[in-house]
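Structural characterization, general
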Amino acid sequence: TAPELLAFFSLFWLVIGMLSFGWQLLLGRIALDKLGLAVTVALLPGVVILGGAIGLAVPSLWSIAILRGGEATQRNSLFRVACELLYTPLAEQAKRSIKALIDVGFDRLGVVSASVIALLILHFAPADRVEMILLVIATSCALIGLARSRALQRGYVTLLEESLRKAAEKLEPEPATPSVLPQEKIDVRDQIVEHLDALDSEDVAAVPNESLSAFVQPVLDLTS
């Protein structure tokens, strides 16, 4: 009856919410540290494959409830945390656009596609085969997701290396330009030194002050 269905699904989602919270609180950090991002993401299709196999072996309401509950618990806990960390190497502007495209666009597209498939199967497939066909399709999609998750680690590491390299290039100081005198000033300086070495102190003392100033001033201009 309607009240019984309402009570069943209320209890169903209450248990999923509590399990998701506890799962993430107790195992979130451990899973990321021990398993890594790719394996933590791959746990979701792994749960669906395991639940699908149980559902095909023991078809019943409770086996389907375990499959759906396990998928929802994993998706709302470890899977979500791992997916958020996959966006870390992206630049802030790129992260906003790509995250919106994946979380809103492709996620909703997946929900719509799955709903259309379920409606078509319910309409065209024999009534005694609907459950098995849906389980086979769900398990097949999980196998594809499991195969694709293997490339996540390589892509994440490559993107992280590129992000760190760009950050290091921005922080690296520019090489200091040594202050080198032009060749012309070096030549003039050498000539002045040679002339000063050739002069005796008595010759310099015998030069009048006006002539000495006239000699020193061009020297100061050349060396400045």
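Above this text you will find the structure in question.
Description of the structure in this document.

1. Regarding the overall build of the chain
- In terms of helices and strands, the chain carries 8 helices and 0 strands.
- Walking the chain from its N terminus toward its C terminus, one meets helices and strands in the order α-α-α-α-α-α-α-α.
- When each of the 224 residues of the chain is scored for burial, the buried share is 21%.
- Counting only contacts in the chain whose residues sit at least 6 apart along the sequence, the fraction spanning at least 24 positions is 74%.
- Element-wise, carbon and sulfur atoms account for 68% of the exposed surface of the chain, whose accessible area totals about 16,500 Å².

2. Considerations on the packing of aromatic side chains
- All told, the structure shown has 4 aromatic pairs when counted by the stated rule.
- Ring geometry for F8 and F12: centres 6.2 Å apart, planes at 20°, overall stacked. In this pair, F8 and F12 are both assigned in helix 1 (residues 2-57), 4 residues apart and thus about one turn of the helix distant.
- Residue class for F8 comes out partly exposed when judged on its relative accessible area of 24%.

3. Comments concerning helix 1
- End to end, helix 1 covers just 29 Å across 56 residues, shorter than the expected 82 Å (1.5 Å per residue, more than 12% under).
- The largest bend along helix 1 reaches roughly 115° and is located at G36.

4. Examining the layout of surface pockets
- By volume, the second largest pocket is sized at about 190 Å³.
- Lining the second largest pocket are F8, L11, F12, V15, I16, L19, W62, A65, I66, G69, G70 and T73.
- When contributions to the lining of the second largest pocket are tallied by element, the ones reaching two or more residues are helix 1 and helix 2 (61-86).
- Of the residues assigned to the lining of the second largest pocket, the class counts are 9 nonpolar, 3 polar and no charged.

5. Describing the pattern of salt bridges
- Inspection of the entire model under this criterion finds 5 salt bridges.
- Note that R75 and E71 form a salt bridge whose closest N and O atoms lie 2.7 Å from each other. Of this pair, R75 and E71 both sit in helix 2, 4 residues apart, which is roughly one turn of the helix.
- The exposure class assigned to R75 is partly exposed, which follows from its relative accessible area of 30%.
- Taking the relative accessible area as the measure of exposure, E71 reaches 15% and is therefore buried.
- When the shortest N-O distance is used, the salt bridge between R108 and D107 registers 2.6 Å.
- In this structure, a network of salt bridges that share partners links the residues R68, E71 and R75.

6. Overview of the nonpolar core
- Grouped together as the largest cluster of nonpolar side chains are 9 residues: L32, L37, V41, L44, F79, A82, C83, L86 and Y156.
- Among the secondary structure elements, those contributing two or more residues to this core are helix 1 and helix 2.
- Not counting residues within four places of it along the chain, the set of residues in contact with L86 comprises L37, V41, L152 and Y156.
- Core analysis: the next-biggest nonpolar cluster, separate from the first, contains 5 residues, V48, I49, L67 and L135 among them.

7. Description of the packing of helix 1 against helix 2
- Put simply, helix 1 and helix 2 touch, their axes get as near as 5 Å, and they point 40° apart. Taken as axis vectors, helix 1 and helix 2 run oblique relative to one another.
- Taken together, the residues of the contact of helix 1 with helix 2 sort by class into 27 nonpolar, 14 polar and 3 charged.

8. Quick notes on the environment of I121
- Among the structural elements, I121 can be located in helix 3 (residues 92-124).
- Expressed as a C-alpha distance, the spacing of I121 and L134, which sit 13 residues apart in the sequence, is 7.8 Å.
- Leaving out residues up to four positions away in the same chain, I121 has contacts with V130, I133, L134 and I137.

9. A look at the side chain of S20
- Tracing the chain through its elements places S20 in helix 1.
- Owing to a relative accessible area of 6%, S20 belongs among the buried residues under this scheme.
- Polar side-chain contacts of S20 include one of 2.7 Å to the backbone oxygen of I16.
- Filtering out sequence-adjacent residues up to four positions away, S20 remains in contact with A72, T73, N76 and S77.

Quick notes on the rules
Residues numbered from 1 in each chain as written. Predicted model: local features only at pLDDT ≥ 70, side-chain atom pairs only at ≥ 80, totals over all residues. Heavy atoms only, no water. Helix = DSSP H or I, 4+ residues; strand = E, 2+ residues; numbered from the N terminus. Buried < 20%, exposed > 50% of the residue type's maximum accessible area, 1.4 Å probe, protein only. Contact = heavy atoms within 4.5 Å. Areas by Shrake-Rupley, 256 points an atom, 1.4 Å probe, with all protein chains shown as cover. Phe/Tyr/Trp six-rings, centres within 6.5 Å; stacked < 30°, edge-to-face > 60°. Expected span 1.5 Å × (residues − 1). Bend = angle between axes of the 7 residues up to and from the residue. 1 Å grid on protein atoms, 1.4 Å probe; cavity = no way out; pocket = protein on both sides within 12 Å on 5 of 7 lines; lining within 4 Å. Points joined across faces, edges and corners; volume = space filled by probe spheres on them. Nonpolar A, V, L, I, M, F, W, Y, C, P; charged D, E, K, R; others polar. Salt bridge = Lys/Arg side-chain N within 4 Å of Asp/Glu carboxyl O. Core = buried A, V, L, I, M, F, W, Y, C linked by side-chain atoms within 4.5 Å. Axes fitted to C-alpha atoms, helices over the stretch in contact; angles between N-to-C directions. Parallel < 35°, antiparallel > 145°, perpendicular 65-115°, else oblique. Polar contact = N/O pair within 3.5 Å; in protein donor to acceptor, adjacent residues only side chain to side chain.

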